Amino acid sequence: GQAYFQVAKDKTRPFIVAAGDTSVTAVGTAFDVRLEPGKLSVTLVEGRVRIAGDSPKGPRQVEITAGSRFVAADRADWIIAAVDTAKEAAWLQGRLVFDGEPLSAVVAEMNRFSARKLDVSDPVLAATPVSGVFKTGQIDAFVAALRTYGLVEVGRSDAQRIELVRPAHGA
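Residues numbered from 1 in each chain as written. Predicted model: local features only at pLDDT ≥ 70, side-chain atom pairs only at ≥ 80, totals over all residues. Heavy atoms only, no water.

### Some words on the environment of Ala126
Definition in use: Helix and strand labels come from DSSP, where a helix needs a run of H or I of at least four residues and a strand needs a run of E of at least two; each type is numbered from the N terminus. Think of it in three bands: with a 1.4 Å probe and only protein chains considered, a residue is buried below 20% of the maximum accessible area for its type, exposed above 50%, and partly exposed in between.
Of note, Ala126 is situated in helix 3 (residues 123-126). Judged by its relative accessible area of 14%, Ala126 is buried. For the pair Ala126 and Arg166, spaced 40 residues apart in sequence, the C-alpha separation works out to 9.6 Å.

Have a look at this one:
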């Protein structure tokens, strides 16, 4: 799951989000917490947060500042890196922004916001880079855009799933 928090500043009452066995503590900040199987990420839009929990190196605590993302993946050390917060928070306005990301990752993100799911099983197609801004939940419009640019064709399609395949000219 994923949630966005905008917290009023009150040092006497810190706001704490428990995500798995890791805690994120904020005072006067705006941040996003995303928990997926085997992975926790925290994206800080403004302010500072403190993150505490177990890491491969044992119990740890770090502070991150605005414009940073913290990632803790199973059996991997914690990573903190700079991010484009406008891009990362676009989902709050119903948009998803991609910049050269593999189609498999784009499909996974689009599927989070739609009851009708996309399938891409061809590894070559799955690795195809995709860039663009797409509306959440607009699976048919997303597929139409990919088709317009000649990136995919639709294999099988029903009320629950759309199979994406390589265009005949790309085989």
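Additional details are given in the paragraphs that follow.
### Things to note about the packing of aromatic side chains
Test applied: Any two rings among Phe, Tyr and Trp, with Trp reduced to its six-membered ring, count as a pair given centres within 6.5 Å; such a pair is stacked if its planes are under 30 degrees apart, edge-to-face if over 60, and tilted if neither.
For the structure on display, the rule yields 6 aromatic pairs. Taking the centre distance of 6.4 Å and the plane angle of 65° together, the rings of Phe15 and Phe31 count as edge-to-face. Taken as a pair, Phe15 in strand 2 (residues 15-19) and Phe31 in strand 4 (residues 29-36) lie far apart in primary sequence, 16 residues in all. Judged by relative accessible area, Phe15 falls into the partly exposed class, the value being 30%. Relative to Phe134, the ring of Phe98 lies with its centre 6.2 Å away and its plane at 35°, an arrangement referred to as tilted. Highlighted residues: Phe98 in strand 10 (residues 95-102) and Phe134 in strand 12 (residues 129-135), separated in sequence by 36 residues. Owing to a relative accessible area of 6%, Phe98 belongs among the buried residues under this scheme. Taking the relative accessible area as the measure of exposure, Phe134 reaches 12% and is therefore buried.

### Points about helix 4 (residues 139-148)
The α-helix advances 3.6 residues per turn, and as a result positions three or four apart in sequence lie on the same side. Heads up, the rule is: Throughout, the arc means the angular range of directions from the helix axis out to the C-beta atoms. Whether two residues touch is decided by their heavy atoms; if any such pair falls within 4.5 Å, the residues are in contact.
Regarding helix 4, the residues found buried are Ile139, Phe142, Val143 and Leu146. In an axial view of helix 4, the angular spread of the buried residues amounts to 95°, which keeps them on one side of the axis. Away from its buried face by more than 90 degrees, helix 4 exposes Asp140 and Thr148. Check the buried side of helix 4 and you find it contacts helix 2 (103-112), strand 11 (117-119), strand 12, strand 13 (153-157) and strand 14 (161-165). Gly150, located one to two residues past helix 4, shows a positive phi value of around 70°.

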